[in-house]
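# Survey of secondary and tertiary structure
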Amino acid sequence: MKIMVTGAQGMLGRALTQVMQAEADLEVAGVDLPDGDLSRDGCAQGLLDQHRPDWVVHCAAWTRVDDAETHREEAAAANGTATRLLAAACDRAGCGLTYLSTDYVFDGEGPQEGYPEDHPRSPLNFYGQTKAEGEVAVEGMQAPWQIVRISWLFGDGPVNFPRTIRRLLQEREKLRVVDDQWGCPTYAPDLSRVLTFLVSGRHRGIFHATNAGVCNWHTFAREVACVLGADPGRIEPCPSSEYPTAARRPRISTLRSSALEALGCPPRPSWQDALHRYLECLENQD
C-alpha cells in the first residue's frame, strides 16, 4: 500500500511519515508546498499522477486560527478549495482520502459530555468554516474517505502549547492561563498510529482521534509544570475575556469517540501520558 501525505513537512506530517514507515512498513511519498499549491487547478491531479498512491492523507492546512479572520481568501483556499480539488482528483483516480479536521467545526455550545461524530457542524470562527467546507467536499466522494477530527495538537515542532508553557515557566515567575475552554489534547505520534490503523483498514466515516481524557488549558498548563518539576501553583486560572482573540474559541470542544472503538482501534493513551512522553523528548533534546 502506497500512501501520499500532504503537508509532510509539518508537525503531523513528519510524525505520520515516521510511524507509517517505521512501525507499519508502508511506502510513503511526502509532498508539501514546494511540490505544488493544492489550491490551484491541476496540482492535485499532477501529484497523484506522479506518485500513484493507493491512499492520500491530507495533513496540509491553514492552521493559524486568528490570522484566518484577516486572511480569509488564503485560509479558504488552503482549507476549502485545496481539499475540494484533492477530493475530486482522488475520486477520479479511485484513491482513498483521509482529511484531518478539527473540533472548531463546532461552536462549543453542544453537549457537556462532548460532541459525537455525527453532531451537526456549526463553526464559530472563519477557520472552522473553512475546515467544515473541506469536510463537506470529502463526504461527497465516491471513493473511500475518512474525516478525522482532532484538537489541541502538540508534538515535535517549534510552536505548540506545552512547549510555550515550558518556555514561559523559565522566563516568568507567574503565568495566567484560561480555565473556561475545554478540549482533548492530541499528541501527533499517537494520532499517527490511529491514522495508520484507519488507512490500513480502508475504513470509511468520521472519526474523533484525540488522546483519552478532557481538560481545560489551565489544567493542561499545570500538568506541564508538574512534569517539569515546577510548582504548578505558579500558574493561575483566568477567564478567556482576559485574552481576547481575533477568532472566537469554542467553550467546550470535547470530541467524544465511539466510531474508532466500534472498529476495534486500540485505546489511545491519556493526554497526561502523552504529555509526559513529549516533555521527556524535549528534555533529552536540550
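This text follows the structure it describes.
Values in this document were obtained by computation on a predicted structure and should not be read as measured data.

### Quick notes on the overall build of the protein
Helix and strand content of the protein: ten helices and twelve strands. Expected size for 286 residues packed as a compact globule is a radius of gyration near 19 Å; at 19 Å, the protein falls within 12% of this value. Each of the three principal axes of the protein carries a C-alpha extent, and together these read 55 × 40 × 35 Å. When burial is assessed residue by residue, the protein has 51% of its 286 residues classed as buried. When the accessible surface of the protein is split by element, carbon and sulfur atoms take 48% of a total near 12,600 Å². Between the mean site of the 28 positive side-chain charges and the mean site of the 39 negative ones, the protein shows a separation of 1 Å.

### Side note on the environment of Pro-158
Position of Pro-158 relative to the elements: it lies in the loop between strand E6 (153-154) and helix H6 (161-171). Relative accessible area serves as the criterion here: at 73%, Pro-158 is assigned to the exposed category. Residues Pro-158 and Met-11, 147 residues apart in the sequence, show an inter-C-alpha distance of 8.9 Å.

### Considerations on unusual backbone geometry
Most peptide bonds are trans, and most residues other than glycine sit at a negative phi. Positive phi, normally seen in glycine, also occurs at Asp-25, with a value near 55°. At Arg-202, a residue that is not glycine, the phi angle is positive and equals roughly 50°. Tracing the backbone shows Arg-202 in the loop between helix H7 (188-201) and strand E10 (205-208).

### Thoughts on the side chain of Asn-125
Here Asn-125 is to be found in the loop between strand E4 (96-102) and helix H5 (126-139). Of the polar contacts made by the side chain of Asn-125, one reaches the backbone nitrogen of Gly-128; its length is 2.7 Å. Apart from the residues within four sequence positions on either side, Asn-125 is in contact with Val-65, Glu-69, Tyr-104, Ala-247 and Arg-248.

### Description of helix H4 (residues 72-93)
Each turn of an α-helix holds 3.6 residues, which means side chains three or four residues apart point in the same direction. With 22 residues, H4 should cover 32 Å at 1.5 Å per step; its first-to-last C-alpha distance of 30 Å lies within 8% of that length. The sharpest bend along H4 reaches about 30° and sits at Ala-78. The elements touched by buried residues of H4 are strand E1 (2-6), helix H2 (43-51), strand E3 (55-58), helix H3 (65-68), E4 and H5. Positive phi appears at Gly-94, one or two residues downstream of H4, with a value of about 65°.

### Comments concerning the state of the cysteines
According to the stated counting rule, one finds zero disulfides in the structure shown. Unpaired in this structure, Cys-95 has its nearest cysteine sulfur neighbour in Cys-90, at a distance of 4.3 Å. Under the relative-accessibility criterion, Cys-95 is labelled buried at 2%. As a non-bridged cysteine, Cys-238 has Cys-215 as the owner of its nearest cysteine sulfur, 15 Å distant. Cys-238 sits in the buried class, given a relative accessible area of 1%.

### Considering the nonpolar core
Of all hydrophobic cores here, the largest spans 26 residues; its most connected members are Ile-3, Val-5, Met-20, Val-57, Leu-100, Val-148 and Leu-191. Looking at this core, the elements with two or more residues in it are E1, helix H1 (11-22), E3, strand E5 (145-150) and H7. The element best represented in this core is H7, accounting for six residues. Beyond its immediate sequence surroundings of up to four residues, Ile-3 is in contact with Met-20, Leu-26, Glu-27, Val-28, Ala-29, Pro-53, Trp-55, Val-57 and Val-199. Judged by nonpolar contacts, the second largest core, of 24 residues, contains Val-178, Tyr-187, Val-224 and Cys-238.

### Topic: the layout of surface pockets
Of the volumes computed, that of the second largest pocket is approximately 320 Å³. Broken down by secondary-structure element, the contributors of at least two residues to the lining of the second largest pocket are H1, H7 and helix H10 (271-285). Of the residues that constitute the lining of the second largest pocket, the class distribution is eight nonpolar, two polar and four charged.

### Some words on the sheet that holds E1
In space, the six strands of this open sheet follow the order E2-E1-E3-E4-E5-E10, with parallel pairing throughout. Looking along the sheet, the strands with just one partner apiece sit at the ends: strand E2 (27-31) and E10. Here the average twist between neighbouring strands, direction ignored, is 20°. In terms of strand pairing, E5 meets E10 through four bridges, oriented parallel. If you follow Gln-146 over to E10, its bridge partner there is Gly-205. On the sheet, H1 packs against E1, E2, E3 and E4 and is oriented at approximately 165° with respect to E1. Strands in contact with H5 are E4, E5 and E10; relative to E4, the strand with the most contacts, it is inclined by about 155°.

Rules used throughout
- Within each chain, residues carry numbers counting from 1 in the order of the written sequence.
- Where local features are concerned, this predicted model is filtered to residues with pLDDT of at least 70; where side-chain atom pairs are given and counted, the filter is 80 or more; whole-chain, interface and lining totals use all residues.
- Each side-chain value is derived from all of the structure's non-hydrogen atoms; neither hydrogens nor water enter the calculation.
- Strands here mean DSSP runs of E at least two residues long; helices mean DSSP runs of H or I at least four residues long; both are numbered from the N terminus.
- We take the radius of gyration over the C-alpha atoms and set the globule estimate at 2.2 Å times the residue count to the 0.38 power.
- Note on exposure labels: buried denotes an accessible area under 20% of the residue type's maximum, exposed denotes more than 50%, and partly exposed covers the range between, all computed with a 1.4 Å probe on protein chains only.
- To measure how exposed things are, a 1.4 Å probe is used in the Shrake-Rupley method; for residues, cover is taken only from the protein chains shown.
- We count Lys and Arg on the positive side and Asp and Glu on the negative side, and we leave His and both chain ends out.
- Charge positions come from single atoms, namely NZ of Lys, CZ of Arg, CG of Asp or CD of Glu.
- Polar contacts here mean pairs of N or O atoms no more than 3.5 Å apart (in protein, one a potential hydrogen donor and the other a potential acceptor; neighbouring residues in sequence count only if both atoms are side-chain atoms).
- Whether two residues are in contact is decided by their heavy atoms, any of which lying within 4.5 Å being enough.
- An expected span of 1.5 Å times one less than the residue number is assigned to each helix.
- The angle separating two fitted axes, one through the seven residues that finish at a residue and one through the seven that start at it, defines the bend at that residue.
- Two cysteine sulfur atoms form a disulfide, by the criterion used here, when they sit within 2.5 Å.
- The set of buried Ala, Val, Leu, Ile, Met, Phe, Trp, Tyr and Cys residues whose side-chain atoms join them within 4.5 Å is what this entry labels a nonpolar core.
- Cavities and pockets were defined on a 1 Å grid built over protein atoms only: a cavity is a set of grid points that admits a 1.4 Å probe from which the probe cannot escape, a pocket is an open set flanked by protein on both sides within 12 Å along at least five of seven lines, and lining residues are those with an atom within 4 Å of any such point.
- Grid points are joined across faces, edges and corners, and a volume is the space filled by probe spheres set on the points.
- Put simply, Ala, Val, Leu, Ile, Met, Phe, Trp, Tyr, Cys and Pro go in the nonpolar bin, Asp, Glu, Lys and Arg in the charged bin, and everything else, Gly too, in the polar bin.
- What makes two strands pair is DSSP finding at least two bridges between them.
- Between N-to-C directions, angles span 0 to 180 degrees; the directions come from axes that are lines fitted to C-alpha atoms, helices contributing only their stretch in contact.

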